[in-house]
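Each chain, letter by letter, is given below.
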Amino acid sequence: MLCMRSAIQNLAARKISLRCFSSSTISDADLVVIGSGPGGYVAAIKAAQLGLKTVCVEKGSTFGGTCLNVGCIPSKALLNNSHYYHAAKHEFAGRGIKVDNVEVDLPAMMKAKSDSVSALTGGIAMLFKKNGVISVHGHGTIATPNQVIVKNNDGGRTTIHTNNIMIATGSEVTPFPGIEIDEETIVSSTGALSLSKIPKTLTLIGAGVIGVELGSVWQRLGTKVTAVEFLNNIGGVGIDLEVAKSLQRSLTKQGMKFKLGTKVLSAEKTPEGIKVIAENVKKGKQEELVSDVLLVCIGRRPFTDSLGLDNIGITVDNRGKIPVNERFQTSIENVYAIGDVIDGPMLAHKAEDEGIICVEGIVGGVPHINYDCVPSVIYTHPEVAWVGKSEEAVKEAGIPYKVGSFPMAANSRSKTNQDTDGMVKVISHKDTDRLLGVHIVSSVAGELINEAALALEYGASSEDVARVCHAHPTVSEALKEACVAAYAGKPINF
C-alpha cells in the first residue's frame, strides 16, 4: 500500500496525468449521420423529427462542419464588417457623413467573427438536444453496412449498430502540387480567415468564389490583392460570362488586380516574401509575383479519408465523389451519401435539401430535387447570384432563347442608395417564354435570387414575373424590368 501511494505521489509530482479511455455501444439506431455540416445536421434533425432514433457523428469539437466553422459563416462576418470599414473610409463623406481617424481593430473584427461562429455552432447543439439527436464527437469509420465505429476525441471508442448510414462528410481544400500550406504566410481559406495582421500584399491562386470573396475582405482592409486565375474569367466554372465581366469591372474599380488565362508554376518562401512564378497560358510569358501572403484557393475535393468505404465495397469516381441514385443510395442500399461527397455543386443549401429529401425517402417518401433551381451566390460587393442556366449553357444545348436585361443604374432604389453597380439578366425560352436562367449583380443579389429560384421551380415565364406587382422603390423592381424586357422586348425605365 505504501509503495502504491508513493508511486502515485511521484506521478503527481512529475505532472503526469492518468486517463481512463472508455468504450461504449449504441444499439438499435435507425440512422447514423457521419458529419454535422449543413447537410448532416439538418438531416439528423429531420430524421429525429420523423421518429427515427438518430445518431450524428462529428469529428470536430463543434458542430457545423466547414461551413459554420471555417467557411460560409466566418467569411460572411468578415465580408460584412470589412465592407462597413471600407464604406466609412471611402464613401461616407460623399453621403454627407463626416468621420475622422477611421481605423481597423483587427482583433475586435476577428472576435466578432468568432462570436457569430460560436453562437451558431452552439445553436446546433441546442437543436440536437431539443429534437433528441444523439451526438458523438470523434472520427467515424464504417465497419459494416450496419455498424459505425467512432474513435472518440477523448480517446475512447463508441460502436454504433444501425439500420441506415448517411455519409455527409463534406469536402476539404484541394492542395496545389508542390506548395505546402502553413496557414501563416501560405494559407488556405482557413488561414485567410484568421490572419493575425493585415498584409501589405496578397496573391491569390484562383479567382473563383473563395478567391474573390476573401480577396475582397483583405483588399477593403488595405491589402494590395492580385489574383492569378487559369480560366479566362473570374467567378469559377458555370458563371455567365457577361456577369463575370460585370463583377470583374466592379472589383477592378475597387482595387483588385486580375491575371486571367495564367497558370502558377511554383511558389516558394524568400526573405522578400512568397515568390510566385506564373505563366500566361496563351503567350507563354512568365512573370514573378512577390507578396506577404499567398492564398491557395483552387477549389475543394470530397472528404472521405479513413471513412471505411473499402470495408463495404463502395468505390468513388475519378473525382473522388461517391456515386448515388435518385434516392441518394450508394451501391449499398442502406448506406446513403449527400452534399459535397456526391455529384453537383458544393453548396451548403444544396446539401441541406439533399439531407432532408434523403431522410424523407428513408421513411417512405419519394425523393425529388431539381438541380436547375439551386441558386449560387458570390458574396462580394456587389454580390453575384444566379439560378438556372447561363447563356453559354443554353447556347451549347441548342435551346432557342431570348434575353432581357436591366442595369442597376436605372433602378430607383439603387440610385438613392448610391449603389448602382450591376445588372439583372433574364434568359427565357424563345417559344414558350419559360424562364431558363436568372443572373443578378447587385449589393442584394443573394436575397433577390430566391424570387427567381421560386419562379423557376414553378415553371414561370418571364411574363409571369413581369406581371407580379413589385413594391416601389425596391431593388427587386430590376428583376421585374428584366423580365419585361425578355417577354416584351423593352423595359419601361431604361
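Scroll up to find the structure.
The rules behind these values
Residues numbered from 1 in each chain as written. Predicted model: local features only at pLDDT ≥ 70, side-chain atom pairs only at ≥ 80, totals over all residues. Heavy atoms only, no water. Pairing = 2+ DSSP bridges. Helix = DSSP H or I, 4+ residues; strand = E, 2+ residues; numbered from the N terminus. Axes fitted to C-alpha atoms, helices over the stretch in contact; angles between N-to-C directions. Salt bridge = Lys/Arg side-chain N within 4 Å of Asp/Glu carboxyl O. Buried < 20%, exposed > 50% of the residue type's maximum accessible area, 1.4 Å probe, protein only. Expected span 1.5 Å × (residues − 1). Arc of directions from axis to C-beta. Contact = heavy atoms within 4.5 Å. Lys, Arg positive; Asp, Glu negative; His and termini not counted. Phe/Tyr/Trp six-rings, centres within 6.5 Å; stacked < 30°, edge-to-face > 60°. Lys NZ or Arg CZ within 6 Å of the ring centre and 35° of its normal. Core = buried A, V, L, I, M, F, W, Y, C linked by side-chain atoms within 4.5 Å.

1. Considering the sheet that holds strand β12 (residues 273–280)
And step 1. Pairing in this open sheet of three strands is antiparallel, and the strands run β11-β12-β13 from one edge to the other. If you trace the sheet from one side to the other, it starts and ends with β11 (262–270) and β13 (286–291), each paired once. For this sheet, the mean inter-axis angle between neighbouring strands, taken without regard to orientation, is 20°.

2. Side note on the pattern of salt bridges
And step 1. Across all of its chains, the model carries 18 salt bridges by this definition.
And step 2. Of the charged contacts in the structure, one is a salt bridge between lysine 275 and glutamate 268, with a shortest N-O distance of 3.4 Å.
And step 3. On the accessibility criterion, glutamate 268 (41% relative accessible area) is partly exposed.
And step 4. The partner of aspartate 433 in a salt bridge is lysine 402, with the nearest N and O atoms 3.3 Å apart. Pair noted here: aspartate 433 is in the loop between β20 (423–429) and β21 (435–442) and lysine 402 is in strand β19 (residues 401–407), with a separation of 31 residues, a long-range link.
And step 5. Since its relative accessible area comes to 9%, aspartate 433 is described here as buried.
And step 6. With relative accessibility at 22%, the residue lysine 402 sits in the partly exposed group.
And step 7. One salt-bridge network, in which partners are shared between bridges, spans Asp240, Glu242, Glu391 and Lys425.

3. Notes on helix α13 (residues 445–457)
And step 1. The first and last C-alpha atoms of α13 sit 18 Å apart over 13 residues, in line with the 18 Å expected at 1.5 Å per residue.
And step 2. When we look at burial in α13, the residues that qualify are Ala445, Gly446, Leu448, Ile449, Ala452, Ala453, Ala455 and Leu456. What you see down the axis of α13 is that its buried residues fit within an arc of 160°, all on one side. Opposite the buried face of α13, at more than 90 degrees from it, the exposed residues are Glu447 and Leu454.
And step 3. Its buried side turned inward, α13 meets β17 (376–378), β18 (383–388), β21, α14 (462–466) and α15 (477–488).

4. A look at the side chain of lysine 113
And step 1. Looking at the secondary structure, you find lysine 113 in helix α5 (residues 106–131).
And step 2. Nearest to the buried, unbridged lysine 113 among oppositely charged side chains is aspartate 115, at 10 Å.
And step 3. The residues contacting lysine 113, other than those within four sequence positions of it, are Pro74, Ala77, Leu78, Leu193 and Ser194.

5. Considerations on the packing of aromatic side chains
And step 1. If you walk through the whole model with that rule in mind, you get two aromatic pairs.
And step 2. Sitting over the ring of phenylalanine 303, lysine 59 keeps its end group 5.1 Å from the ring centre.

6. A word on the nonpolar core
And step 1. Residues Val32, Val55, Phe128, Ile160, Met166 and Ile167 are the most contacted members of the largest nonpolar core, which totals 48 residues.
And step 2. For this core, the element with the most residues is helix α2 (residues 38–49), which contributes seven residues.
And step 3. Each residue touching valine 55, except ones within four places of it in the same chain, is listed here: Ile26, Ala29, Leu31, Val32, Val33, Ile134, Val136 and Ile160.
And step 4. Residues Leu78, Ala88, Ala192 and Met423 belong to the second largest nonpolar core, which totals 38 residues.

7. Section: the pairing of strand β1 (residues 23–34)
And step 1. Sheet topology places β1 next to strand β5 (residues 157–167); nine bridges connect them, and they run parallel. Within β5, the residue paired with serine 23 across the bridge is arginine 157.
And step 2. Direction of pairing for β1 relative to strand β2 (residues 54–58): parallel, over a ladder of four bridges. Looking across to β2, one finds that valine 32 is bridged to valine 55.

8. What to know about the side chain of threonine 474
And step 1. By the secondary structure assignment, threonine 474 is in the loop between α14 and α15.
And step 2. Those residues in contact with threonine 474 that lie beyond four places of it in its chain are Asn411 and Arg413.

The values reported here are purely geometric and, on their own, carry no functional implication.
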